[in-house]
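Summary of the model geometry
Here is what each chain is made of, one letter per residue.
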Amino acid sequence: MIRALGWVLRRDLLLAFRRRGDVVNALVFFVIVVSLFPLGVGPEASQLRNMAPGVLWVAALLACMLSLARLFAPDHQDGTLEQMLLAGEPLVVLVAGKVISHWLMSGLPLVLMAPLLGLQFDLPADALGVLCVSLLLGTPVLSLIGAVGAALTLGVRGSGVLVALLVLPLYVPVLIFGAGSVGAVAAGTGAEAHLLLLGGFLALAVVLAPWACAAALRIAME
Amino acid sequence: MIRALGWVLRRDLLLAFRRRGDVVNALVFFVIVVSLFPLGVGPEASQLRNMAPGVLWVAALLACMLSLARLFAPDHQDGTLEQMLLAGEPLVVLVAGKVISHWLMSGLPLVLMAPLLGLQFDLPADALGVLCVSLLLGTPVLSLIGAVGAALTLGVRGSGVLVALLVLPLYVPVLIFGAGSVGAVAAGTGAEAHLLLLGGFLALAVVLAPWACAAALRIAME
Amino acid sequence: MNWGSWQNFLAMGGYGLYVWGSYAVTLVVLIAEIVALIARRRGVIERLAKYYAARRRNHETEA
Amino acid sequence: MGMSKTGRFSWYYFSSPQSFYPLAGVLQPWFAGLAVALCAVGLYISFFVAPTDATQGDAYRIIFIHVPAAWMSMFLYLVMGFWSGVGLVLNTRLSSMVATALAPTGALFTFIALWTGALWGKPTWGTWWVWDARLTSELILLFLYIGFMALQAAIDDQRRADKAGAVLALVGVINIPIIYFSVKWWSTLHQGASVSMTSAPTMAKTMLLGMLIMALGFWMYSIAATLARVRCVILERERHTDWVAAEIGGQS
Amino acid sequence: MLEARQLECTRGERRLFSDLSFKLSRGQLLRVAGANGSGKTSLLRIMCGLLAPSAGELRWRGKPIRAEREEYSRNLVFIGHLNALKDDLTALENLQVAAALAGMSAEPGRMLAALERFGVAHCAKLPAKVLSQGQRRRVALARLELSAAVPLWILDEPFSALDVAAVMELEGLLAAHLATDGMVVLTTHQEVQVVAHAIVRVDLDLHTAALLAA
Amino acid sequence: MLEARQLECTRGERRLFSDLSFKLSRGQLLRVAGANGSGKTSLLRIMCGLLAPSAGELRWRGKPIRAEREEYSRNLVFIGHLNALKDDLTALENLQVAAALAGMSAEPGRMLAALERFGVAHCAKLPAKVLSQGQRRRVALARLELSAAVPLWILDEPFSALDVAAVMELEGLLAAHLATDGMVVLTTHQEVQVVAHAIVRVDLDLHTAALLAA
Ligand code: HEM
Ligand SMILES: Nc1ncnc2c1ncn2[C@@H]1O[C@H](COP(=O)(O)OP(=O)(O)OP(=O)(O)O)[C@@H](O)[C@H]1O
Ligand SMILES: Nc1ncnc2c1ncn2[C@@H]1O[C@H](COP(=O)(O)OP(=O)(O)OP(=O)(O)O)[C@@H](O)[C@H]1O
Ligand SMILES: [Mg+2]
Ligand SMILES: [Mg+2]
């Protein structure tokens, strides 16, 4: 089981490495979105600083959401997903492998990049720390919830929007608490409460999402 | 020639209609991005008003950029692109058809939707007007330039980021003048100069981009 | 030009960090390019020499 | 060398990689030498001849690399666009190779212009970076160079890489006038053009002289670096030909 | 071993076949025949458990396949229309991943031997996207060479895109599998020359005809 | 009419074939043979002008095909491995678009007749994605029925996925095209039974072999 998980992970990471683009994709998108804002909004430092947590979190959320399209669809198209369903391993395990690789490729780079971008917006050091922690707790939730949405809409007409519509209502709480935590530090009130809640979301998602996702995949393949 | 252009257009619009999702996609994305910001940034009216042109334009730019991935890639995958190259019609014409349909499906809806979203941000009426005009002039440029980028990266390793990397530098002037025009109205200075420049970009892009795009497609199919 | 002393020269009227930061990075970058070019040429020649040697061996075994 | 069979000098002769390779090898050291000499003179002028500026103090001495680097960054892009276009239209391999070889050096000078500009901005404007038109467009130029190199690196097929790069370079050329005129169009922090063909220079003679000599030095450096890189590119791409085999492997 | 009981399949508005029953035992080959669009691929997908029949059921060793899905999956190899190759992975890597997911060792030596058997060892290091149609098919089929121990092979048009040499190779492999008590289910429009202890033939055209008449 | 002069094709590091010359006149069928990966598809793409040969040239009516690309394109139909069908359009719409882009009338009656000929008229209103593999191929081939006036047909594995009835139908169509002075270029691993004024055969395996020996 662990071996199968390992191979799924390994394959997806290898693929990602081959199509380096796609990994960097989420990251570049994140950087671009964040850097375009000053160009559009104008260069006032204080305004940029106020916007920063919101901009960074929205960008992270979008980056994650957009990479969902490539989570199962290519496997579906080239027949690999069929083979995964027939692999003789519990599907949940394989799904977990795919979600982990998705997070490693789309979530983790954002977490690592965020402080640098925060600097551009002149965020203070403690806010940067909380930003990182909140992203570290929040992005896996985005990947997990997103995987369920991606599985549900697999091969469905207009899946692009559908996935957005399905997934966003669930993303919004993460966004609010994530951006809120950074805002709270900046405002001087502690961020613990926000971060605890994010942690709770994460625990819940880890327990439930893979099962939901596996079930959704079976349904989609019928 | 016009007939061929008409058929390409007709086909793409029909397809878009069938996969309604994909059309609404750009629009929904646009709306989502724009609406997420108040959630992330917080509800101060004056700050939101200042951000508005930038946010709207950045969102339009991203929406357009993301839909580029589906401009030629599906045609490439299923062999339709080959057939277009062999159609016996000048490729530029067919490319023009595709770009027009891309704009109709990703640019035009944004133009129509923008005033509504602008209202959300409390933009004054004259700024809304200029916003629409600037988007009307600017989004076709985005589609045209984007088509060149999409053609250049067709089937290339990691084309997702590459297209962003190639296209964004060329998008930035459009963004600056587009957002700038709205800002200029808000600031009381006229927006004519900005809009004129956008018009100039459009004229240039209309004349040059289809040729560049056709050349890039021929190169990509070798 | 009269800088008086090394100290003065290095201080650049209080702008030493900026001026020397610029010149130093420029120098480093240009030297890095030169080194990279030399390394690239060596690498190419080495790789090609191996390639031709292998090709020659193949020819000989075939013949 | 350089003579066709009829004895006349021929450009076509040198448009083949095989005959250009040795020519580049001969020219390269000369340009390198010129670059060193010019830069040495330029540096002497910039530190020991040019006087301290009345308003900016000695911080202005960054100008002697900032402006030449900024010029080269734009100029090299134009040259790259030119050779790309020639390669695309005339289908000459050598032109494409030259374009490929120019990109890294161009990107380098763009980076230097950005870096020195940032270091100059801190003492004069009080900030490393502003989203000003010229700064932004210079940054865009860097992205264009990187995009060109990334596109070529991402395409395995050499011919396709050349042609696709060429189309991109030509499309990107449009950015150059935007950078150049950006200061006129937006009125921003950055200095307007103070060297121009039409009006008399507004800066001190020695300053201008230093800057021009440094610019010449950078120019020569770019030529030398490009020639060296072209030689590598030629070897890599022509490895299947007999002449490269003879050149490297001793025999074919 | 494998038994179908009154299977029925409906796609969209069309009933493709109904009342389809058959049995397959060790060493037997089941050839599913029928015109284009008669439902061969659909039947094979039902047999894999990828598609639910609209009526009837399939039993493996007496138990419905839906009951012990993973257990059943371990007993079969399915090679469909699609080659299940990742364009950006090399032929070797593709095979390794497939083997590993099927619970087999992914040792490169064995993989290369399997590719060799199908004459694509020289492409082992090439990304799948540059391979020719036939080479891709060969790489997909190389999985069979590794799956001698898996009893049930379900193959949808395995011969398509193959040249004569590869067709013979595959026929040999199938015969060997049948000889060692394996089972093969396949569809093909070409004639099969495989020696089997018995060849069961299901002709879907007849089943559709029966239905239309009824 | 169509003449190849010393064509050579190199993909990646491999030279697929070289020094390939042949001529094709009216009423003749050119069959490109060769093992998997020998370069048949590449040759066909070169003949369409989709791929540039690494050496040599192709002439159509005496002029290099690169010179008058669009003119040449109007004189050929190419049906490749890929069916060029849009999954979300119906069979009928797909055929209409193909016809319109080829400069023919896209009148539904004619389209339906063409689909009928290939036995897929009953699927005309179904989106291409629900069609079976063979039905998709049939829809793609229906273009040929509309292209009787186009002199040069270039077909890559046209028989793949077709059942026996469809193969016969296609063979009949090819024979008719050849009889009316058309030209057909095809690759196939199956044997062709088409009556032609002459069958030219190019075997790429021989060309590769020749090259390795040199
Ligand atoms: C990252 C920041 C900067 C960038 C990207 C940048 C870029 C450029 C470029 C592209 C040029 C050449 C354009 C032309 O010749 O018309 C240039 C020239 C120049 N820059 Fe900058 N610059 C930056 C910062 C600065 C700063 C901080 C100063 C001084 C306060 C400065 C002063 C100048 C001057 C004096 C010229 C020469 C203009 C002329 O005479 O034509 N730059 N810069
Ligand atoms: N980048 C590359 N590097 C090495 N080999 C390549 C590359 N691209 C293509 N090839 C090889 O070129 C050949 C392409 O063959 P092509 O598709 O023309 O074959 P084919 O004769 O149509 O085969 P099939 O019968 O399988 O359809 C393959 O052998 C493939 O491995
Ligand atoms: N939604 C639908 N509505 C109507 N018919 C459908 C629908 N989905 C599938 N079909 C039909 O179901 C059949 C599926 O056939 P399947 O792919 O199993 O055929 P096959 O026997 O494998 O054919 P081939 O020999 O061409 O591969 C087709 O005839 C197709 O038209
Ligand atoms: Mg089938
Ligand atoms: Mg082929």
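I will try to describe carefully the structure that is included in this document.

Rules of the game
- Residues numbered from 1 in each chain as written.
- Chains lettered and ligands numbered in written order.
- Predicted model: local features only at pLDDT ≥ 70, side-chain atom pairs only at ≥ 80, totals over all residues.
- Heavy atoms only, no water.
- Helix = DSSP H or I, 4+ residues; strand = E, 2+ residues; numbered from the N terminus.
- Rg over C-alpha atoms; globule rule 2.2 N^0.38 Å.
- Buried < 20%, exposed > 50% of the residue type's maximum accessible area, 1.4 Å probe, protein only.
- Contact = heavy atoms within 4.5 Å.
- Areas by Shrake-Rupley, 256 points an atom, 1.4 Å probe, with all protein chains shown as cover.
- Buried area = accessible area lost by both parts, 1.4 Å probe.
- Salt bridge = Lys/Arg side-chain N within 4 Å of Asp/Glu carboxyl O.
- Polar contact = N/O pair within 3.5 Å; in protein donor to acceptor, adjacent residues only side chain to side chain.
- Nonpolar A, V, L, I, M, F, W, Y, C, P; charged D, E, K, R; others polar.
- Pairing = 2+ DSSP bridges.
- Axes fitted to C-alpha atoms, helices over the stretch in contact; angles between N-to-C directions.
- Parallel < 35°, antiparallel > 145°, perpendicular 65-115°, else oblique.

**Quick look at the overall build of chain E**
Of regular secondary structure, chain E possesses seven helices and nine strands. Computed over the C-alpha atoms, the radius of gyration of chain E is 17 Å, within 12% of the 17 Å expected from 2.2 N^0.38 for a compact globule of 214 residues. The C-alpha extent of chain E, read off along each of the three principal axes, is 55 × 35 × 30 Å. The proportion of buried residues among the 214 residues of chain E is 57%. Within chain E, contacts between residues separated by at least 24 positions form 68% of all contacts whose residues are at least 6 apart in sequence. Accessible surface for chain E amounts to roughly 8400 Å². Of this, 52% is attributable to carbon and sulfur atoms.

**Topic: the interface of chain D and chain B**
Contacts between chain D and chain B engage 24 residues on the former and 23 residues on the latter. Buried surface at the junction of chain D and chain B, both sides included, amounts to about 2100 Å², of which 79% is carbon and sulfur. The interface formed by chain D and chain B holds zero salt bridges in total. Between chain D and chain B we count two residue pairs in polar contact (both at pLDDT 80 or more) in total. Here the element with the most residues in the side of chain D that touches chain B is helix H5 (residues 133-154) of chain D; it accounts for ten residues. Broken down by class, the residue content of the side of chain D that touches chain B amounts to 17 nonpolar, three polar and four charged.

**Examining the pattern of salt bridges**
In a structure, side chains of opposite charge can pair up when their charged atoms sit close to one another. Evaluation of the coordinates by the stated rule reveals 41 salt bridges over all chains. Of the charged contacts, one joins Arg11(B) and Asp12(B) as a salt bridge, the two residues approaching to 3.1 Å between their closest N and O atoms. Across the pair, Asp12(B) and Arg11(B) agree in class, each one buried. Close ionic contact of Glu71(F) with Arg74(F) constitutes a salt bridge, the shortest N to O distance being 3.9 Å. Of the two residues, Glu71(F) and Arg74(F) both sit in helix H2 (residues 69-74), three residues apart, roughly one turn of that helix. Judged by its relative accessible area of 35%, Glu71(F) is partly exposed. Beyond isolated ion pairs, a larger network of salt bridges with shared partners links Arg11(B), Asp12(B), Asp75(B), Asp78(B), Lys98(B) and Lys86(F).

**Describing the sheet that holds strand S5 (residues 63-64) of chain E**
For sheets, the rule is that strands pair by backbone hydrogen bonds, running either parallel or antiparallel. All names here are of chain E. One open sheet holds the four strands; their spatial order is S2-S1-S4-S5, and the pairing between them is antiparallel. The open sheet has two free edges, formed respectively by strand S2 (14-24) and S5, since each of these has just one partner strand. With seven bridges joining them, strand S1 (residues 2-11) and S2 adopt antiparallel strand pairing. Counted as the bridge partner of Thr10 is Arg15 from S2. Sheet strands touched by helix H1 (residues 40-48): S1, S2 and strand S4 (55-60). Its angle to S1, the strand with the most contacts, is close to 130°.

**Digging into the packing of helix H5 (residues 91-120) of chain A against helix H8 (residues 192-221) of chain A**
Between two packed helices, what matters for the description is the angle formed by their axes and the separation of those axes. Residue and element names in this part refer to chain A. Axis separation between H5 and H8 bottoms out at 9 Å; the angle between their running directions is 110°. Looking at the two axes, H5 sits roughly perpendicular to H8. For the pair H5 and H8, contact is made by Leu91, Val92 and Val95 and by Pro210, Trp211, Cys213, Ala214, Leu217 and Arg218, respectively. For the contact of H5 with H8, the class distribution of residues is eight nonpolar, no polar and one charged.

**Some words on unusual backbone geometry**
With a phi close to 45°, Gln6(E) is a non-glycine residue in the positive phi region. Despite not being glycine, Arg61(F) has its phi angle at roughly 50°, a positive value. Positionally, Arg61(F) belongs in the loop between strand S4 (55-60) and strand S5 (63-64).

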